[in-house]
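Understanding the architecture of this molecule
Residues per chain are reported as follows:
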Amino acid sequence: MNFQAAVTAIAAVYLARGRPLLWLEGLIDDVPVAISAETGGAGDDVRIAYRNGSTSEVQIKRGLQAGAVFWNALLKLAHAIYRREIDYGVLIVCPNSSQPIARGLAQDMGRLAEGRYDSLGKHAKALKQKLEAICLPVQSVCARLRIVTVHALAYDQASIAAARSELDHICRNKSQIGSAWDRLYRDAAAMIEFRTARRASSVMQVLKSAGIDIATDALDTPVAMLSRLSDWVIKANTYFTILGVR
């Protein structure tokens, strides 16, 4: 399974559902309204616009270890936050990434954000030193930087299972949930290849093009509301009168 495509598809599901990803939990209500793939920015892999108007860039790394690739990804996000090119930076890692990063540094990031520099792990100490060496403010940068583990591997699909649960609210026919996920996963791979973007309306079209019957009774779900509006417009324009014409 392509980890980047799976993570992108998960973001598309939460966009369609109008629910927070929780990648920035405790910072903002991170409900996505638009996702863009391969932006060439600090995150490069995915850029996300949120309902409150803020943005983040996301680096997605599978099997990440503490080395040059890791530090380059993290410091690129830190620079973009400091220059206000983005509001938040997210480094997504998979379950088999280095645990001192995925757990240790991820937890210590909150301590750095609060200005607590005691009892830090070695990676948190290294991050603090690296930020100070390039004259970036540790506390304010770390307050907008997160490391998140997403379970989206062939042998560990907990995050995919959660996304499929959200599709239960989108698919009228529950037997189509698997097909809906497969279609969004393939669409995510295409987004990466062709550097495209998605909003709720385009996610709706992707699902409908695959014959997915969208439930229209969930008024708190963007795709459901759009589908309901689309059906109404088609019906309203099927039967109308013109003055003087029978």
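As a starting point, this report considers the structure included with it. The numbering scheme is per chain: residues are counted from 1 as the chain's sequence reads. With pLDDT at 70 or above as the cut-off, local features in this predicted model cover only qualifying residues; side-chain atom pairs require 80 or more to be listed or tallied, and sums for whole chains, interfaces and linings still use all residues. Hydrogen atoms and water are omitted, and side-chain values are computed over all heavy atoms in the structure.

This part covers the pattern of salt bridges. A pairing counts as a salt bridge when a side-chain nitrogen of Lys or Arg comes within 4 Å of a carboxyl oxygen of Asp or Glu. If you walk through the whole model with that rule in mind, you get 10 salt bridges. With its nearest N and O atoms 2.9 Å apart, the salt bridge here joins E166 to R17. With a gap of 149 residues between them, E166 in helix α6 (residues 158-167) and R17 in helix α1 (residues 3-17) connect regions that are remote in the sequence. One salt bridge in this structure joins K174 and D168, with 3.8 Å as the shortest N-O distance. Residues joined in a network through salt bridges with shared partners are R111, R116 and D118. The helix count covers DSSP runs of H or I at least four residues long, the strand count covers runs of E at least two residues long, and both are numbered beginning at the N terminus.

With a relative accessible area of 17%, E166 lands in the buried category. Counting of polar contacts relies on pairs of N or O atoms within 3.5 Å, with two restrictions inside protein: one atom must be capable of donating a hydrogen and the other of accepting it, and residues adjacent in sequence are counted only when both atoms are side-chain atoms. Here R17 takes part through its side chain, which lies 2.9 Å from a polar atom of the side chain of E166. We call two residues contacting when some pair of their heavy atoms lies within 4.5 Å. For E166, the contacting residues outside a window of four places in its chain are V13, Y14, R17 and R19. Only protein chains enter the area calculation, which uses a 1.4 Å probe; residues under 20% of their type maximum are buried, those over 50% are exposed, and those in between are partly exposed.

Okay, the packing of α1 against α6 next. Geometry is summarised by axes, namely lines fitted to C-alpha atoms with helices restricted to the contacting stretch, and by angles between N-to-C directions that run from 0 to 180 degrees. In the contact formed by α1 and α6, the axes pass within 9 Å of each other and the chain directions differ by 30 degrees. As judged from the angle between their axes, α1 and α6 are roughly parallel. Of the two elements, α1 crosses α6, and the hand of that crossing is left-handed. On α6, the residues that touch A6, I10, V13, Y14 and R17 of α1 are S159, I160, A162, A163, E166 and L167. Each residue gets one label: Ala, Val, Leu, Ile, Met, Phe, Trp, Tyr, Cys and Pro are nonpolar, Asp, Glu, Lys and Arg are charged, and the others, such as Gly, are polar. Of the residues in the contact of α1 with α6, the class split is eight nonpolar, one polar and two charged. Should an angle fall under 35 degrees it is taken as roughly parallel, and over 145 as roughly antiparallel, whereas 65 to 115 is taken as roughly perpendicular and any remaining angle as oblique. What makes a crossing left-handed is the near helix being turned counterclockwise from the far one by less than a right angle; a clockwise turn instead makes it right-handed.

Pairing is mixed across the open sheet formed by six strands, whose spatial order is β5-β4-β3-β2-β1-β6. On the outer flanks of this sheet lie β5 (145-149) and β6 (197-198), each paired with one strand and no other. Here a strand pair is declared whenever DSSP counts at least two bridges between the two strands. Bridging between strand β4 (residues 88-93) and β5 involves five bridges; their strand directions are parallel. Across the sheet, the residue bridging to L91 is I147, located in β5. Packed on one face of the sheet, helix α2 (residues 68-82) meets β3 (55-61), β4 and β5 and runs near 160 degrees to β4.

Here we take up unusual backbone geometry. A negative phi angle is the norm for most residues apart from glycine, just as the trans form is the norm for most peptide bonds. Even without a glycine there, the phi angle at E38 is positive, about 50 degrees. Following the sequence through the fold, E38 ends up in the loop between β1 (32-37) and β2 (46-50). Its identity is not glycine, yet S119 carries a phi of approximately 55 degrees, on the positive side. Here S119 is to be found in the loop between α3 (99-113) and α4 (122-133).

Looking now at the packing of α3 against α4. For the pair α3 and α4, interaxial distance at closest approach is 8 Å and the crossing angle is 55 degrees. When the axis of α3 is compared with that of α4, the two are oblique. The hand of the α3/α4 crossing is right-handed. Here P100, L105, D108, M109 and L112 of α3 come into contact with α4, specifically with H123, A124, L127 and K128. In terms of residue class, the contact of α3 with α4 is made up of six nonpolar, one polar and two charged.

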